[in-house]
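Fold and contact review
One-letter residues, chain by chain:
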Amino acid sequence: MSPDRNPIEHLWKELKHAVWRKNPPNLRQLEQFAHKEWAKIPAERCKSLIESDGEWDFHWCGVGWLKENLYMEEHVRVNHFRNHYELTRKDFMLKNLKRFKKNLEREASCTEGSKCDFFPCTFALPNEYHLFVEEFKRNPGSTWIMKPAAKSQGAGIFLFKKLKDIMEWRKHDGTRSEEQKDAAQVESYVAQRYIENPYLLGGRKFDLRVYLMVTSYFPLKAWLYREGFARLSSTRFSLSSIDDKYVHLTNVAVQKTAPDYDPEKGCKWKIQKLRRYLTAKHGRQVVESLFKEMDNIFISSLQSVQKIIINDKHCFELYGYDIMLDENLKPLTGKEKRVGGYDLIWNDGPVYSEDVDPEIFGCSSLKANTYLGCANDREHQLNTLVKLFPGQKRI
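Rules behind the numbers
- Residues numbered from 1 in each chain as written.
- Predicted model: local features only at pLDDT ≥ 70, side-chain atom pairs only at ≥ 80, totals over all residues.
- Heavy atoms only, no water.
- Helix = DSSP H or I, 4+ residues; strand = E, 2+ residues; numbered from the N terminus.
- Buried < 20%, exposed > 50% of the residue type's maximum accessible area, 1.4 Å probe, protein only.
- Areas by Shrake-Rupley, 256 points an atom, 1.4 Å probe, with all protein chains shown as cover.
- Expected span 1.5 Å × (residues − 1).
- Arc of directions from axis to C-beta.
- Contact = heavy atoms within 4.5 Å.
- Pairing = 2+ DSSP bridges.
- Axes fitted to C-alpha atoms, helices over the stretch in contact; angles between N-to-C directions.
- Parallel < 35°, antiparallel > 145°, perpendicular 65-115°, else oblique.
- Nonpolar A, V, L, I, M, F, W, Y, C, P; charged D, E, K, R; others polar.
- Phe/Tyr/Trp six-rings, centres within 6.5 Å; stacked < 30°, edge-to-face > 60°.
- Lys NZ or Arg CZ within 6 Å of the ring centre and 35° of its normal.

**Topic: the overall build of the protein**
Summing up its helical and strand segments, the protein has 16 helices and 14 strands in all. In the protein, which comprises 395 residues, the proportion classed as buried is 44%. Counting every atom, the protein has about 22500 Å² of accessible surface; 51% of that belongs to carbon and sulfur.

Right, here's the structure in full:
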């Protein structure tokens, strides 16, 4: 089967409908991929190929495909765990984080429970509507944000300060009769206290997009991607107008529609650039502490669903974390430890950059194997490995 020579744009559009007969390509290397010996199978042939015996290795599948395919060959890999939504849906993630925090406080201590204090006061609606109203009345004048539980790219999000602002939504949920509820299911939302004091870059709000890959939940094995980016709003931050989505929503899909959006400049900073900026402004120790707190967010969130995710050796998941910083830099939401820019940060326990026994040297004196925002020197690493195999060409 010959390689697909179609334009890169076509490859990107078809990526999620592709079956690959080699290990999956790095998404950042699609241009090189188009001219290498990769065989891409058109979408219309996927079904017959997948149903055949042992003809494929990796499928970048939609979540619906998993429901129809319970059994897979030993060597097959797919890009979702079967109940991945326990962490990717906002309302389910909230439920699992709250339960995990309560369990830590009950079984360990309040100090351990405080490790989960990385998300603002949040309620799942309509189930927790009455609890939300009580909290809302205890804090008059606060700004809240409503987010659909199962949507992305900023769709359906709005800010509010008064209960009457969500009455239109309220009319369509808890006040209806059982017959009405059966007729049309209410869309679930989460109501979250808005971060009114975000850390700003040039007066503009931003959040971080960080990627984490989980290859196993039992034991838990997680890889943190070194690269990521900050998504900036196109308008200076202000609470005077909570209806301006270009001020408060940093989603790229939203910002690209702003009247003054400049496609040449875009609305992103590489996370390496952000880390250098923060280090120059606040010092290395402060920034290292910040990124360590972010590691805690990743691991705690995974542990919150570890016991309920259906672990399957055929599955892995690539999570995209969105993390905001407040003005105090508090983040809110073999021995191979590095693969293609990913660093192994948890392997049934914390992973350290030094290959020593933590019981002998003590965990406090060891550096975690996390390099978020550092240079991705994968090419140098591969060239170093090539020296071990004479006759191989350099990258």
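Once the structure has been displayed, the description carries forward.
**Notes on helix H13 (residues 271-282)**
When the terminal C-alpha atoms of H13 are compared, their 16 Å separation across twelve residues agrees well with the 16 Å that a helix rising 1.5 Å per residue should span. Taken together, the buried positions of H13 are Ile271, Gln272, Leu274, Arg275 and Leu278. Projection of H13 onto a plane perpendicular to its axis shows the buried side chains occupying an angular sector of 160°, all on one side. Facing away from the buried side of H13, by more than 90 degrees, are the exposed residues Arg276, Ala280 and Lys281. Looking at the packing, one finds that the buried side of H13 touches strand E8 (200-201), strand E9 (204-217), strand E10 (220-236), strand E11 (268-270) and helix H14 (284-305). Positive backbone phi, approximately 100°, marks Gly283, located one or two places after H13.

**Things to note about unusual backbone geometry**
The omega angle of the peptide bond from Leu125 to Pro126 is 10°, so this bond is cis rather than trans. Counting through the fold element by element, Pro126 comes out in the loop between strand E4 (122-125) and helix H8 (129-138). Of note, the bond from Phe218 into Pro219 is cis; its omega dihedral lies within 30 degrees of zero at -5°. Structurally, Pro219 can be placed in the loop between E9 and E10. You will see that Gln153, though not glycine, has its phi angle at about 60°, which is positive. Looking at where Gln153 falls in the secondary structure, it is placed in the loop between strand E5 (144-148) and strand E6 (158-160).

**A short note on the pairing of E9**
E9 sits mainly inside the fold: eleven of its 14 residues count as buried. Both E8 and E9 contribute to a ladder of two bridges, which runs antiparallel. By the bridge assignment for E9, Leu200 is matched with Lys205. Hairpin connection of E8 to E9: two residues between the antiparallel strands, including Gly202 at a positive phi of 60°.

**Things to note about the environment of Glu135**
Counting through the fold element by element, Glu135 comes out in helix H8. A C-alpha to C-alpha distance of 9.6 Å links Glu135 and Phe123, two positions twelve residues apart in sequence. Setting aside residues no more than four positions away along its own chain, Glu135 makes contact with Cys121, Phe123, Trp144 and Arg193.

**Focus on the sheet that holds E5**
Spatial ordering of the open sheet is given by E4-E7-E5-E6, a layout of four strands whose pairing is antiparallel. Because the sheet does not close on itself, it has two edges, and the strands there are E4 and E6. Looking at each pair of strands side by side, their axes are set apart by 25° on average, direction ignored. Of the strand pairs in this sheet, E5 and strand E7 (residues 189-193) are connected by five bridges, and their pairing is antiparallel. Bridging from a neighbouring strand, Lys147 pairs with Val190 of E7. Sheet strands touched by helix H6 (residues 90-107): E4, E5 and E7. Its angle to E4, the strand with the most contacts, is close to 130°. Those strands touched by H8 are E4, E5, E6 and E7, and its axis lies near 145° from that of E4.

**Regarding the packing of H13 against H14**
Between H13 and H14, the least distance of the axes is 7 Å, while the angle of their chain directions is 135°. In terms of axis orientation, H13 runs oblique to H14. When H13 is examined against H14, the residues Ile271, Arg275, Leu278, Thr279 and His282 are found in contact with a partner set consisting of Arg284, Val286, Val287, Glu288, Leu290 and Phe291. Broken down by class, the residue content of the contact of H13 with H14 amounts to six nonpolar, two polar and three charged.

**Quick notes on the side chain of Ser216**
On the secondary structure map, Ser216 appears in strand E9. Under the relative-accessibility criterion, Ser216 is labelled buried at 14%.

**So, the packing of aromatic side chains**
Summed over the entire model, instances satisfying the criterion amount to 15 aromatic pairs. Measuring from centroid to centroid gives 5.9 Å for Tyr85 and Phe92, while their planes differ by 65°, and the two rings are edge-to-face. When its relative accessible area of 35% is taken as the criterion, Tyr85 is described as partly exposed. For Phe92, a relative accessible area of 25% puts it in the partly exposed group. Centre to centre, the rings of Phe136 and Trp144 are 6.3 Å apart; their planes meet at 40°, and the pair counts as tilted. Each of the two residues, Phe136 as well as Trp144, counts as buried. By way of ring pairs, the aromatic residues Phe123, Tyr129, Phe132, Phe136, Trp144, Phe158 and Phe160 are connected into one cluster. One Lys or Arg, Lys268, reaches over the ring of Phe229 and ends 4.4 Å from the middle of that ring.

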